[in-house]
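Single-letter residue listing:
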Amino acid sequence: MTKFHPAPEQLKQFAQGALSPVEAIMISAHCDMCARCQHVVKTETAQQANHVLSDSPSNYTEHIRQDLDSMLASITQLPKARPFRSSRIPPSTIELDGRRFSVPRTLRKFIPTMGNWSGLVGRLWQAPVDIGASGAANFIYMGPGGGVPEHTHRGFEFTLVIDGEFDDGINHYAAGDFIAMDEEHTHTPRSDDPHGCLVFSVLDQPLHFTSGIARLLNPFSHVFFR
Amino acid sequence: MLVGIPLEQSNSVVKPKDCAGEMSEYIVAVAEGRCKRSFARVFSYFAPRLRSYALKQMGNEALAMELVQDTMSNVWQKAHLFNAEKGSPSTWIFTIARNIRFDMLRKLQNRKEDICSDDLWPVLCEQTADANETSLDEQITLEQIGFMFESLPIKQKAVIEAIYIDGKSQQEVADELSIPLGTVKSRTRLALQRLKGMLQDHD
Ligand SMILES: [Zn+2]
């Protein structure tokens, strides 16, 4: 059961088209999994459309009028869109260790860009995805009992739970939950779900590990993986 | 045959919801019969409005016109996807424009900052071609890293611990241990090399 939703203001800004592309992708993917927010966005979009497109265009120059005229002429030369050939429809699932996970509709178009899974410390797996926007996007799978060492953030971290459940010492999350973290949050994600937990995550700055031996990881990224 | 768009003055005061029924019929006519006349009506109503919206959002005439062109092309080419029962023409067209704007912004941002994923997720990556080739139990664990750390020569361990776990500067460590800064630096370098070697031998 989804408990953690984007803030009402975020949903409103999404409907207005005022969010950054990264945030928009995350909100849209959450809405794929959450009927409640989907409904809010739908209602808000209808209001916005009526409001935004009410602005009566004024002071037209002859130049703009001509541009629009020739635009109309060129558009009506275009053929009707051909129905999607099945080979062009992106896959709707991803696979890890013989298991298939259904991916929210918004994220499906990125599946073809997905890199290989790589194993990380602590029963973690990650596969990078190119969302074509600033920030690093990954599918991350926490195996049963696995997790990420305690860390804080240098920028934003958006997470959407796709399958299973995890706990980060602050809250317990399940499929559909949307989590936004920043410099002010320190947490320790860990999944005790017997089936593990798959999330989609976007970061704009490196994590900063905050406790014990995990702090050794901070220099390693720079020394070893440049 | 099309001869210009009738940008009638009266058009500009009609609210989207007041002409929804009329616009729906035009879009259906485009879907069913590729009717250019009907499309011209939809275009002359929405294109100037989309341009105003896009200009506010993108702040650039060329990008605004690109957004209008892409949006209205979609309306022409995908009119058969419009469903009046699911929403009004303005909601449908606005949603198309909104999605196109997000895509345009993504393309503008793309490659502007080329950040490597490994830099952002500084956890030790054991590169494997395929998750299915390695069992989930064979991964390196934090405990193993702790073990590697414990196996460092005692002098190197002290330096690494002070710098990376306690967060001290190299100068502070030199002062505390009463050794030259150069020695702290070389011990750090040797320790990291050793750890790196152990990680590579892990497989
Ligand atoms: Zn929701």
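Placed above this text is the structure.
Computed from a prediction, not measured in an experiment: that's the story for all the values here.

The next thing to look at is the overall build of chain A. For chain A, the helix and strand inventory stands at 6 helices and 13 strands. When burial is assessed residue by residue, chain A has 51% of its 226 residues classed as buried. Residue pairs in contact within chain A that sit at least 24 positions apart in sequence constitute 62% of those at least 6 positions apart. For chain A, the exposed surface amounts to about 10,000 Å²; the carbon and sulfur share of it is 50%.

Time to look at the sheet that holds strand β6 (residues 151-153) of chain A. Residues and elements named next belong to chain A. If you trace the 3 strands from one edge of the open sheet to the other, you get β11-β6-β13, paired in antiparallel fashion. The sheet terminates laterally at β11 (186-187) and β13 (207-209), the two strands that pair on one side only. The pairing of β6 with β13 spans 3 bridges and is classified as antiparallel. Of the residues in β13, the one forming a bridge with T152 is H208.

All names here are of chain A. All of the protein donors around the zinc ion are H5 (ND1), H30 (NE2), C34 (SG) and C37 (SG); their distances to the metal are 2.0 to 2.3 Å. For the zinc ion, the 4 donor atoms in the first shell make angles of 100 to 114° at the metal, so the coordination geometry reads as tetrahedral. Read in sequence order, the donor residues coordinating the zinc ion give the pattern H-x24-H-x3-C-x2-C. One end of the pair, H5, is in the segment before α1 (8-16); the other, C34, is in the loop between α2 (21-33) and α3 (35-52), with 29 residues separating them in the sequence. Since its relative accessible area comes to 6%, C34 is described here as buried.

For the rest of this paragraph, the subject is the packing of helix α3 (residues 61-77) of chain B against helix α4 (residues 89-109) of chain B. Residues and elements named next belong to chain B. Where α3 contacts α4, the axes come no closer than 9 Å and their chain directions differ by 130°. When the axis of α3 is compared with that of α4, the two are oblique. Here α3 and α4 pass one another in a crossing that is right-handed. Residue-level contacts link L63, E66, L67, D70, T71, N74 and V75 of α3 to W92, I93, I96, A97, I100, R101, M104 and L108 of α4. Among the residues making up the contact of α3 with α4, the classes are represented as 10 nonpolar, 2 polar and 3 charged.

Tallied over the entire structure, the rule returns 6 salt bridges over all chains. Put simply, A:D163 and A:R99 hold a salt bridge, and the shortest N to O gap is 3.5 Å. A residue pair is termed long-range when its members are at least 10 positions apart, and A:D163 in strand β7 (residues 157-164) and A:R99 in strand β2 (residues 99-102) qualify at 64 residues. A relative accessible area of 28% places A:D163 in the partly exposed class. The closest approach of N and O atoms between B:E61 and B:R51, which form a salt bridge, is 3.1 Å.

The next thing to look at is the nonpolar core. Proteins that are soluble and globular tend to have nonpolar side chains buried together. Counting residues in each nonpolar core, the largest one holds 40 residues, and the members touching the most others are B:F39, B:V42, B:F43, B:F46, B:M72 and B:V75. If you list the elements that add at least two residues to this core, you get α3 and α4 (62-75) of chain A together with α1 (20-33), α2 (36-58), α3 and α4 of chain B. Top contributing element to this core by residue count: α2(B), with 11 residues. Aside from chain neighbours lying at most four places away, what touches B:M72 is A:I75, B:F39, B:V42, B:F43, B:F46, B:A47 and B:L50. Within the second largest apolar cluster, 37 residues are counted, among which are A:A24, A:L107, A:F110 and A:W117.

Right, let's talk about the side chain of A:Q48 for a bit. Summarising the element assignment, A:Q48 is placed in helix α3. According to the relative accessible area criterion, A:Q48 is buried, its value standing at 11%. Among all residues touching A:Q48, those that are not within four sequence positions of it are A:A15, A:Q16, A:L53 and B:F94.

By the element assignment, A:T45 lies in helix α3. Residue class for A:T45 comes out buried when judged on its relative accessible area of 3%. Excluding anything up to four places from it in sequence, A:T45 contacts A:A15, B:T91, B:F94, B:T95 and B:R98.

This part takes up the packing of α2(A) against α4(B). Packing of α2(A) against α4(B) leaves a shortest axis separation of 9 Å and a crossing angle of 135°. One element, α2(A), and the other, α4(B), form an angle in the oblique class. The residues of α4(B) that touch α2(A), namely those facing A:P21, A:A24 and A:I25, are B:F102, B:L105, B:R106 and B:Q109. In the contact of α2(A) with α4(B), the residues fall into 5 nonpolar, 1 polar and 1 charged.

Calculation criteria
Residues numbered from 1 in each chain as written. Chains lettered and ligands numbered in written order. Predicted model: local features only at pLDDT ≥ 70, side-chain atom pairs only at ≥ 80, totals over all residues. Heavy atoms only, no water. Helix = DSSP H or I, 4+ residues; strand = E, 2+ residues; numbered from the N terminus. Buried < 20%, exposed > 50% of the residue type's maximum accessible area, 1.4 Å probe, protein only. Contact = heavy atoms within 4.5 Å. Areas by Shrake-Rupley, 256 points an atom, 1.4 Å probe, with all protein chains shown as cover. Pairing = 2+ DSSP bridges. Donors = N, O, S within 2.8 Å, 3.2 Å for Na, K, Ca; no water. Tetrahedral: all angles 85-135°; square planar, octahedral: opposite > 155°, others 65-115°. Axes fitted to C-alpha atoms, helices over the stretch in contact; angles between N-to-C directions. Parallel < 35°, antiparallel > 145°, perpendicular 65-115°, else oblique. Left-handed = near helix turned anticlockwise from the far one by under 90°. Nonpolar A, V, L, I, M, F, W, Y, C, P; charged D, E, K, R; others polar. Salt bridge = Lys/Arg side-chain N within 4 Å of Asp/Glu carboxyl O. Core = buried A, V, L, I, M, F, W, Y, C linked by side-chain atoms within 4.5 Å.

Geometric values such as these leave the question of function open.
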